[in-house]
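Next come the chains, spelled out residue by residue.
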Amino acid sequence: MLVVGLTGGIGSGKSAASEAFAKLGRPIIDADVVAREVVEPGEEALAKIAEHFGEAVLQDDGHLNRAMLRDIVFQESKHREWLEQLLHPIIRTRIMDKLESYQGQEAYAILASPLLLETDQHKLVDHIVVVDIEEALQIKRTSERDGNTPDQVERIMAAQLSRAERAAKADSLLDNNTTREALEQQVATLDKKLRSLAAEEYQA
Ligand SMILES: CC(C)(COP(=O)(O)OP(=O)(O)OC[C@H]1O[C@@H](n2cnc3c(N)ncnc32)[C@H](O)[C@@H]1O)[C@@H](O)C(=O)NCCC(=O)NCCS
Ligand SMILES: Nc1ncnc2c1ncn2[C@@H]1O[C@H](COP(=O)(O)OP(=O)(O)OP(=O)(O)O)[C@@H](O)[C@H]1O
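Note that this is a predicted model, so its numbers are computed, not measured. (Residues numbered from 1 in each chain as written. Chains lettered and ligands numbered in written order. Predicted model: local features only at pLDDT ≥ 70, side-chain atom pairs only at ≥ 80, totals over all residues. Heavy atoms only, no water.)

### Some points on the layout of surface pockets
Definition in use: Cavity and pocket criteria rest on a 1 Å grid covering protein atoms alone: a 1.4 Å probe that fits but cannot get out defines a cavity, protein on both sides within 12 Å along at least 5 of 7 lines defines an open pocket, and an atom within 4 Å of a point defines a lining residue. Grid points are joined across faces, edges and corners, and a volume is the space filled by probe spheres set on the points. Helix and strand labels come from DSSP, where a helix needs a run of H or I of at least four residues and a strand needs a run of E of at least two; each type is numbered from the N terminus. By the convention adopted, Pro, Cys, Tyr, Trp, Phe, Met, Ile, Leu, Val and Ala count as nonpolar, Lys, Arg, Asp and Glu as charged, and the other residues, Gly among them, as polar. In this document the domain limits rely on a domain assignment from an automatic tool or a database.
By volume, the largest pocket amounts to about 1400 Å³. For the largest pocket, the lining is made up of 48 residues, of which Ile10, Asp32, Arg36, Arg70 and Pro114 are closest to its centre. Among the secondary structure elements, those contributing two or more residues to the lining of the largest pocket are helix 1 (14–23), helix 2 (31–37), helix 4 (66–75), helix 5 (77–102), helix 6 (135–146) and helix 9 (180–203). Classifying every residue of the lining of the largest pocket gives 20 nonpolar, 14 polar and 14 charged. Viewed by domain, the lining of the largest pocket spans two of them, domain 1 (1–27 + 103–204) and domain 2 (31–101), each represented by three or more residues.

This is the structure:
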């Protein structure tokens, strides 16, 4: 099975692009969803986070207070690095298990991940698709969606690759600077290309 990595910075439109692929029936593994699963109540990683940062990072119902942890880790890189060292290996293993479950069932599957190129997750994929967006629009869309200040969004962007670095690593680019309809059309064209790549791989 061909594994296609879909990446882009915060608020670039990965979810919008994933939805367009899902409408075409393609299976999607979303690293942000996996990252949430691994810190559900009862998970060992959540206990380690509470031990390290203090019980104050837990809500009364025992769930992670994500907004609080977000503030902590994007203020201070050593905190982010500690969290990444804990979570990234666990996230990677879960992604591999999910990919395994699609083997033999699908022509290709999508791994959507904001940190595909920043982590060794890119080693799991055969083709890299980057959702490209101008930084000013990225900051505007993200801060409108999350109710964050542009400053907060820029701090998260600083922990990610730059637009140019990401684009340089792309096998295919999706331009999300205009409408959702335009993005969907690009996804439909790319889907054809990916299906033919998958067919070539199968015949080889
Ligand atoms: C810090 C946390 C609790 C904040 O949670 P919150 O619900 O506010 O955000 P969410 O998880 O939906 O992430 C939103 C976006 O933030 C960016 N982001 C998240 N973690 C990171 C990181 N370690 N480095 C750079 N950007 C990141 C991504 O663009 C992501 O799409 C959470 O992001 C987290 O646990 N991060 C560490 C795990 C991780 O690296 N996840 C990224 C997918 S592998
Ligand atoms: N072409 C578009 N036109 C207008 N708004 C858009 C477009 N694409 C995405 N958006 C909006 O921009 C915001 C960010 O998009 P989306 O959630 O798909 O990004 P993402 O890359 O998945 O973000 P994150 O990395 O934070 O998970 C959302 O509010 C979404 O509705």
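Having put the structure on the table, let's press on.
### A word on the site of ligand 1
Filter applied, for reference: Residue proximity to a molecule or strand is established when one non-hydrogen atom of the residue lies within 4 Å of it. Any N or O atom pair separated by 3.5 Å or less is treated as a polar contact, with the protein-specific requirement of one donor-capable and one acceptor-capable atom, and with residues adjacent in sequence counted only for side-chain atom pairs. Only the protein chains shown count as cover for residues, and all accessible areas are computed by the Shrake-Rupley method using a 1.4 Å probe. If over half the atoms of a molecule are within 2 Å of the grid points of a cavity or pocket, the molecule is regarded as sitting in it.
Contacts to ligand 1 come from 20 residues, most closely from Asp32, Arg66, Arg70, Glu84 and His88. Take Arg36: an N or O atom from its side chain is 2.8 Å from an oxygen atom of ligand 1. Between ligand 1 and the protein, one listed contact pairs an oxygen atom with a side-chain N or O atom of His88 at 2.7 Å. Contact with the protein chains hides 93% of the accessible area of ligand 1, taken as 770 Å² for the molecule alone. Among the detected pockets, ligand 1 sits in the largest pocket. Sorting the residues of the shell around ligand 1 by element identifies helix 2, helix 4 and helix 5 as the ones contributing at least two each. In terms of residue class, the shell around ligand 1 is built from eleven nonpolar, three polar and six charged.

### Points about helix 6
What counts here: By this rule the span expected of a helix is its residue count minus one, scaled by 1.5 Å. Think of it in three bands: with a 1.4 Å probe and only protein chains considered, a residue is buried below 20% of the maximum accessible area for its type, exposed above 50%, and partly exposed in between. Read the arc as the range of directions from the helix axis to the C-beta atoms. Any two residues having at least one pair of non-hydrogen atoms within 4.5 Å are treated as being in contact.
Relative to the 16 Å expected for twelve residues at 1.5 Å per residue, helix 6 spans 16 Å between its end C-alpha atoms, a close match to the ideal helical length. Buried residues of helix 6: Gln138, Ile139, Thr142 and Ser143, and no others. Across the axial projection of helix 6, the buried residues extend over an arc of 115 degrees, all falling on one side. Exposed residues on helix 6 whose side chains face more than 90 degrees from its buried face are Ala136, Glu144 and Arg145. Buried residues along helix 6 sit against helix 7 (150–158). Looking one or two residues beyond helix 6, the residue adopting positive phi is Gly147, at roughly 65 degrees.

### Section: the domain arrangement of the protein
Condition: As a working definition, buried area equals the accessible area (1.4 Å probe) given up by two parts on being put together, with both sides summed. One speaks of a salt bridge when a side-chain nitrogen belonging to Lys or Arg is within 4 Å of a carboxyl oxygen belonging to Asp or Glu.
Domain boundaries assigned for the protein yield domain 1 (1–27 + 103–204) and domain 2 (31–101). For domain 1 and domain 2, the distance between their C-alpha centres works out to 23 Å. Residue-level contacts link 21 residues of domain 1 with 15 residues of domain 2. Contact with domain 2 buries area across many residues of domain 1, yet Gln103, Leu124 and Arg155 alone supply 31% of it, more than any other trio. Here domain 1 is connected to domain 2 by two salt bridges. The partner of Arg70 in a salt bridge is Asp146, and the shortest N-O contact between them spans 3.5 Å.

### Structural notes on the pairing of strand 1 (residues 2–7)
Spelled out, the test is: A pair of strands is treated as paired once DSSP finds two or more bridges between them.
Most of strand 1 sits inside the fold, with six of its six residues counted as buried. Covered by surrounding structure in strand 1 are Leu2, Val4 and Leu6 together with Val3, Gly5 and Thr7, the residues of both alternating faces. As judged from the four bridges shared by strand 1 and strand 4 (residues 127–132), these two strands associate in the parallel manner. Each residue of the ladder has a partner; that of Leu6, found in strand 4, is Val129.

### What to know about the nonpolar core
Applied cut-off: Residues enter a nonpolar core if they are buried and are Ala, Val, Leu, Ile, Met, Phe, Trp, Tyr or Cys, with the set joined through side-chain atoms within 4.5 Å.
Within the largest apolar cluster, 29 residues are counted, with the highest numbers of intra-cluster contacts made by Val39, Ile49, Leu87 and Ile95. For this core, the element with the highest residue contribution is helix 5, accounting for six residues. Shared between two domains, this core holds at least three residues of each, these being domain 1 (1–27 + 103–204) and domain 2 (31–101). Every residue in contact with Val39, bar those within four places of it in the chain, is listed here: Ala45, Leu46, Ile49, Leu64, Arg66 and Leu87. In this structure, Leu2, Tyr108, Ile110 and Ala112 belong to the second largest nonpolar core, which totals 18 residues.

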